[in-house]
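# A look at the structure
This is what each chain is made of:
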Amino acid sequence: MNDFPTRRLGGLEVGAQGLGALGLSEFYGPTDPDQAVATIRRALDLGVTLIDTADVYGHGLSEELVGRAVAGRRDEAVVATKFGVLRTGDGIGQAVRGDAAYVRQAADASLKRLGLDHIDLYFQARVDGSVPIEETAGALAELVQAGKVRYIGLSEAAPETIRRAHAVHPLAAVQTEWSLFSRQLEDEVVPTARELGIGIVPNAPLGRGLLTGRYRSTEAFGPTDFRTVAQPRFTPENFPGNLGLVDRLEPLAIELGVSVGQLALAWVQHRGEDVVPIPGTRRIDHLEENLAAATLSLGPEELAAIEAAVPAGEVAGARLTDFSLRFVDL
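The structure displayed is predicted, hence computed values, not measured ones.

## Structural notes on the sheet that holds strand β8 (residues 119–124)
Read across the sheet, seven strands follow the order β3-β4-β5-β8-β9-β10-β11 without closing on themselves; strand pairing throughout is parallel. Sheet topology places β3 (19–20) and β11 (199–203) at the edges, where each strand pairs with a single neighbour. Pairing geometry for strand β10 (residues 173–177) and β11, over five bridges, is parallel. Looking at β11, one finds that Ala-173 is bridged to Gly-199.

So, in structure tokens, the structure goes:
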């Protein structure tokens, strides 16, 4: 779709909305590899270029699916992947590594799974607090010099860490959670990124599906869905109140002729021209619904009404478990 808008992440031009591949291989219930590939290809058809995955999603399966999907269409895709989180079994991650040797090892493994000769945007998924960020950024810079990576970024990093890494090699983007429910980055991370000319890639812009209003009960999630296992906002204590916040958006959505999810996602799209959210989905119909939010125009009064309906501090539950929060903002 040639008229799909584009935005810049540092020196990298991408479609104004990307596609997150977290759920293509696991985490959100049963998956279908062929459907995943078809969804990515449909995204490319519609003007999406940024496809974001990570080496730990499906223990590498997500990268393999992305590789399948972009085969023969490499020039249409900006492939982003992440390294740094260590997983064993079905857990969401037990540790982080950012030493130079591991950076090189992880990049080579991801390239092999993706079937590519370079990664367009390579993120450190979590900062390793035991390794100076200068070492990690230096290793990433070497990958750029070697032609294995085009641009680099950090995910869930603290402002000072972003500054220190950027001084070693320019960062194209920082990735973190940003939605009506998760606004912790607005005070320091966003101003720091903008001061340095770094783009922002919000993940979970729909609150891991909660902000769509599609899920009316936690019973909709299967026993292996990580929202019921590792997402405090989805606990039986927190879910009903959070759903009530989402429902406050419905009158405005009806007035504008859009879905609640489109309204919530359009709010993220309006955070700035340097913001490229990456909602994830396995389904083409949900993909097309999400992409419509990239061209939905909201005025100041409408944006204010959205924020009044879902005030920043009212969501119940942290965005991650206490264990996972130990690895962010480092």
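## Remarks on the pairing of β11
For β11, the tally of buried residues reaches five of five residues, placing the bulk of the element in the interior. Burial of β11 is two-sided: the residues Gly-199, Val-201 and Asn-203 facing one way and the residues Ile-200 and Pro-202 facing the other way are all buried. At this point the chain moves from β10, through helix α6 (residues 189–196), to the parallel β11, and the crossover so formed is right-handed.

## Quick look at the pattern of salt bridges
All told, the structure shown has 27 salt bridges when counted by the stated rule. Here the residues in one salt-bridge network are Glu-156, Glu-177, Arg-208, Arg-233 and Arg-319, joined through shared partners.

## What to know about the packing of helix α3 (residues 100–114) against helix α4 (residues 133–145)
Geometrically, a packed helix pair is captured by the angle between its two axes and the distance between the axes. Contact geometry of α3 with α4 gives a least axis separation of 8 Å together with a crossing angle of 40°. As the angle between them shows, α3 and α4 are arranged oblique. Where α3 crosses over α4, the two elements pack in a sense that is right-handed. Across from Ala-100, Val-103, Arg-104 and Ala-107 in α3, the residues of α4 making contact are Glu-135, Thr-136, Ala-139, Leu-140, Glu-142 and Leu-143. Its residues placed into classes, the contact of α3 with α4 shows six nonpolar, one polar and three charged.

## Quick notes on helix α11 (residues 284–292)
Every buried residue of α11 is listed here: His-286, Leu-287, Asn-290 and Leu-291. The arc that holds the buried residues of α11, viewed along the axis, is 135°, so those residues lie on one side. Check the buried side of α11 and you find it contacts β3, α1 (33–45) and α10 (260–269).

## Brief notes about unusual backbone geometry
Despite not being glycine, His-59 has its phi angle at roughly 50°, a positive value. Looking at the element boundaries, His-59 is found in the loop between β4 (50–52) and α2 (61–70). In this structure His-59 comes out as partly exposed when scored by relative accessible area, which is 44%. Unlike most non-glycine residues, Asp-329 shows phi in positive territory, near 60°. As for its placement among the helices and strands, Asp-329 is situated in the segment after α13 (322–325).

## Re the side chain of Asn-203
In this fold, Asn-203 is placed in strand β11. Ignoring anything within four residues of it in the chain, the contact list for Asn-203 reads Gln-175, Thr-176, Glu-177, Trp-178 and Ile-278.

## Observations concerning the pairing of strand β2 (residues 12–15)
In the sheet, strand β1 (residues 6–9) pairs with β2 via four bridges, with the strands oriented antiparallel. Looking at the pairing, Thr-6 lines up with Gly-15 of β2. Counting the residues in the hairpin turn of β1 and β2 gives two residues, including Gly-10, whose phi is positive at 60°.

Conventions used here
Residues numbered from 1 in each chain as written. Predicted model: local features only at pLDDT ≥ 70, side-chain atom pairs only at ≥ 80, totals over all residues. Heavy atoms only, no water. Pairing = 2+ DSSP bridges. Helix = DSSP H or I, 4+ residues; strand = E, 2+ residues; numbered from the N terminus. Buried < 20%, exposed > 50% of the residue type's maximum accessible area, 1.4 Å probe, protein only. Right-handed = clockwise from strand over helix to strand, strands pointing away. Salt bridge = Lys/Arg side-chain N within 4 Å of Asp/Glu carboxyl O. Axes fitted to C-alpha atoms, helices over the stretch in contact; angles between N-to-C directions. Parallel < 35°, antiparallel > 145°, perpendicular 65-115°, else oblique. Left-handed = near helix turned anticlockwise from the far one by under 90°. Contact = heavy atoms within 4.5 Å. Nonpolar A, V, L, I, M, F, W, Y, C, P; charged D, E, K, R; others polar. Arc of directions from axis to C-beta.

These values are about where atoms sit, not about what they do.
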